[in-house]
Amino acid sequence: MKIVWNEKDPIYLQIHQYLAQLILEGVIQEGDALPSVRQLAVAQHVNPITVSKAIAMLVEDGIALKRRGLGMFVAEGAAEQLKIQLRARFLSEEWPSIHQRITLLGLSLTDLLKEPS
Amino acid sequence: MSNAISVQSLSKRFGDHQALDRVSFEVPKGAVVGLIGPNGAGKTTALKAILGLSAFEGTVEVLGKSPRSAPHQMMTSVGYISDVGILPRWLKVNDALKFTQAIHPQFDLEKAHAILAKTDIPLKQRVKALSKGMVTQLHLALVLAMDVQLLILDEPTLGLDIVYRSQFYQQILNEFLSEDRTLLISTHQVEEIESLLTHLIFIDQGKIRLDAALDDVYSRYRAVDVVKSQMSAARGLKPLSEQAQIEGACMIFDGVSAESLAELGTTRRVGIAELFVAMMTRETKSTASI
Amino acid sequence: MNQVTTLMALFQRESWEHPNLIWRLPVGLVILNVVLAIASVSLGLQYFGTENFKFEFNSQDLSFDQGGPGQAAATFFLLSYFLLSQMVAIGYLLSALYEERKDRSILFWKSLPVSDFQVVLSKALMGLVVIPGLYLLAAMLTFMLVTVVLSLGMTFLLPGTALFDGFLMAGLAVGGEALRVFALQIIWGAPVFLWVLLVSGLARGQPLIWAMGIPLLVLVVEKSLLSEARVFDWFYAHATPLPFAGAWNPMMGSASIDLADGFLAAGIGLILFGLTVFGRRHFHEI
């Protein structure tokens, strides 16, 4: 699936988010191998260095780990870890502007929890 | 050596026209460098000097060697493709492969055949019967099969239609880019290579205007869609450029923090093309006001 | 990858660019002459009738010493092909370093790991040695094949016949001398051939005009400043193929070069060669 790039975030961050999404959704399971740097670079038409940066970020956050001679794998408990990280991020970065919009539009909690038709 | 190319005080004069004026820059190994500038900026002159194809003043080092002495030895590890259709028209595709195999120590004939098999190029055909796009495909196949460490491209996709252009860069991505291979490309069409670049060099009138890693460019320069109400506040922060829009204006800022810009409107990643235009226009304005 | 394989590859590259001059023409001439020989013999047989056409030849009549038909035929082929090869070689050298600059393909050749020295050497050798050599081989082949045709046609027998043996001996003798002329011509013609190659590498346009114009200019300068045009005369003499440069001797037995002159020619050739390499390195842009 080709990433639809937004104009705001750095590319490596968007690749990081893309991979995080795949892990959260279970498309890439814990213990599975991540797609290789080259595969991702070619598929998304970006420099392999940028992809490496995104994966390095995953490693730093403890989401992925490197297995000697085998490549990059999703760490145990990664999905849970990601949820915690993304929750914090959602609450501090994304939520405030959404909250603002909700207030602006005068939507109530009931409106929000209604199933979309 | 950690630099694929090192250029110091490179100068070149044609009559009374200073094509390059003490240009200095470095291309680290593994970098993908975009050399961007208008016509006559000195891009081709700089590339020719680096390749040992023309005389120059200053110091140039390519893969640890000087292009002034034995440039042909350097060519075992350097590939060069230029827009000026430089494959001889009488040469047959098969003969080009045969010749390169005979004189190039690393040439991989099977790799060349594999790459050509994915194109529509008939092996028995002469270059003169090939379309411009096919000639570029052939040249790229040759260069990729030479397994070079450094690839220098001078407007390689000029005049090609979009299918060939996109295939060209896809091929570079598939077969060439890796951490120990370096690419230096000069082009007008910045948008199609922006996602592949790691470094940026702006050149204009023989001088370097910007030389930075792309990540640094993105964190230093920001584009903001400024809302109407914030226009004067935004102008107070001295933007590099201002482009009127339906609602407010788009401004590019140099070195202003993301926080300061947050209230002005929507901040986004600056595009290389718009940054280049902004910087060059500013240069013209400032020189004009002298 | 060594110097020799690179040189061979460069020779092959030349033959791809100029197939007509380098091999199609000599091959065509061989075929043409053999066909003509077959045609004339068949016509002769038809006209005179096979009985009358059969000749008995005395091998002595045809031997080399007597200047007989064998020697005449061999000399004809070897000399005519030789003269042709000299003209072809000059024509080739005139464009050898010019075409690649005109169509900018020199940028491609220079992007490959082949030195200017190797490239210029391949072209110089092509003009001085390979082209004349190929035409020499073609001439000898022509003579041999024509001899076979004539023998078959005129005596109905092959080896052991006087015609065949006589022509063969004549051919070997003339061929031996032709080989000598071929070798000496390399040195004799070096100054002029390498001058043409140099012009091909430096001229901004119309290399033929520069190649002829500058020597003419030298002639004019010499004639007006000095009484004799020694430099021009020397070059002009060396522009003439060796068999004709001295007194024309149909036996070609006396083709030779004065030793001192040979060294001078070789030396000047080397200087011109060096200048050409330097030129391709630094002044290749048109």
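Keep in mind it's a predicted model, so treat the numbers as computed, not measured.

### Considerations on the packing of helix H9 (residues 207-225) of chain C against helix H10 (residues 230-239) of chain C
When two helices pack together, their arrangement is given by the angle between their axes and by how far apart the axes lie. All names here are of chain C. Contact geometry for H9 and H10: axes closest at 8 Å, N-to-C directions at 145 degrees. From H9, Pro-215, Leu-216, Val-218, Leu-219 and Glu-222 reach across to H10, where they touch Arg-230, Val-231 and Phe-232. Here the residues of the contact of H9 with H10 sort into six nonpolar, no polar and two charged.

### Here we look at the packing of helix H1 (residues 11-24) of chain A against helix H3 (residues 48-60) of chain A
Residues and elements named next belong to chain A. One way to put it is that H1 packs onto H3 with a least axis distance of 8 Å and a crossing angle of 55 degrees. It follows that H1 is oblique to H3 by the angle criterion. Here H1 and H3 pass one another in a crossing that is right-handed. Where H1 abuts H3, its residues Ile-11, Tyr-12, Leu-13, Ile-15, His-16 and Leu-19 lie against Thr-50, Val-51, Lys-53, Ala-54, Ile-55, Met-57 and Leu-58.

### Side note on the interface of chain C and chain B
Taken together, the contacts link 23 residues of chain C with 32 residues of chain B. Of the roughly 2500 Å² buried at the junction of chain C and chain B (both faces included), carbon and sulfur atoms supply 71%. Linking chain C to chain B there are zero salt bridges. Joining chain C to chain B, the criterion identifies three residue pairs in polar contact (both at pLDDT 80 or more). Looking at the side of chain C that touches chain B, the elements with two or more residues in it are helix H1 (3-17) and helix H6 (106-110) of chain C.

### Remarks on unusual backbone geometry
All names here are of chain B. Phi is positive for Ser-9, which is not a glycine, with a value near 50 degrees. Within the secondary structure, Ser-9 is located in strand E1 (residues 3-14). Phi at Leu-63 takes a positive value of approximately 50 degrees, unusual for a residue other than glycine. By the element assignment, Leu-63 lies in the loop between strand E4 (57-62) and helix H2 (71-74).

### Side note on helix H2 (residues 37-44) of chain A
For H2 of chain A, the set of buried residues is Leu-40, Ala-41 and Gln-44 of chain A. Buried residues in H2 of chain A, looked at end-on, bunch into an arc of 100 degrees, giving them a common side. Among the structural elements, H1 and H3 of chain A together with helix H6 (162-176) of chain B are those in contact with the buried residues of H2 of chain A. Immediately beyond the C-terminal end of H2 of chain A, within one or two residues, lies His-45 of chain A, with a positive phi of roughly 55 degrees.

What counts and what doesn't
- Residues numbered from 1 in each chain as written.
- Chains lettered and ligands numbered in written order.
- Predicted model: local features only at pLDDT ≥ 70, side-chain atom pairs only at ≥ 80, totals over all residues.
- Heavy atoms only, no water.
- Axes fitted to C-alpha atoms, helices over the stretch in contact; angles between N-to-C directions.
- Helix = DSSP H or I, 4+ residues; strand = E, 2+ residues; numbered from the N terminus.
- Contact = heavy atoms within 4.5 Å.
- Nonpolar A, V, L, I, M, F, W, Y, C, P; charged D, E, K, R; others polar.
- Parallel < 35°, antiparallel > 145°, perpendicular 65-115°, else oblique.
- Left-handed = near helix turned anticlockwise from the far one by under 90°.
- Buried area = accessible area lost by both parts, 1.4 Å probe.
- Salt bridge = Lys/Arg side-chain N within 4 Å of Asp/Glu carboxyl O.
- Polar contact = N/O pair within 3.5 Å; in protein donor to acceptor, adjacent residues only side chain to side chain.
- Buried < 20%, exposed > 50% of the residue type's maximum accessible area, 1.4 Å probe, protein only.
- Arc of directions from axis to C-beta.

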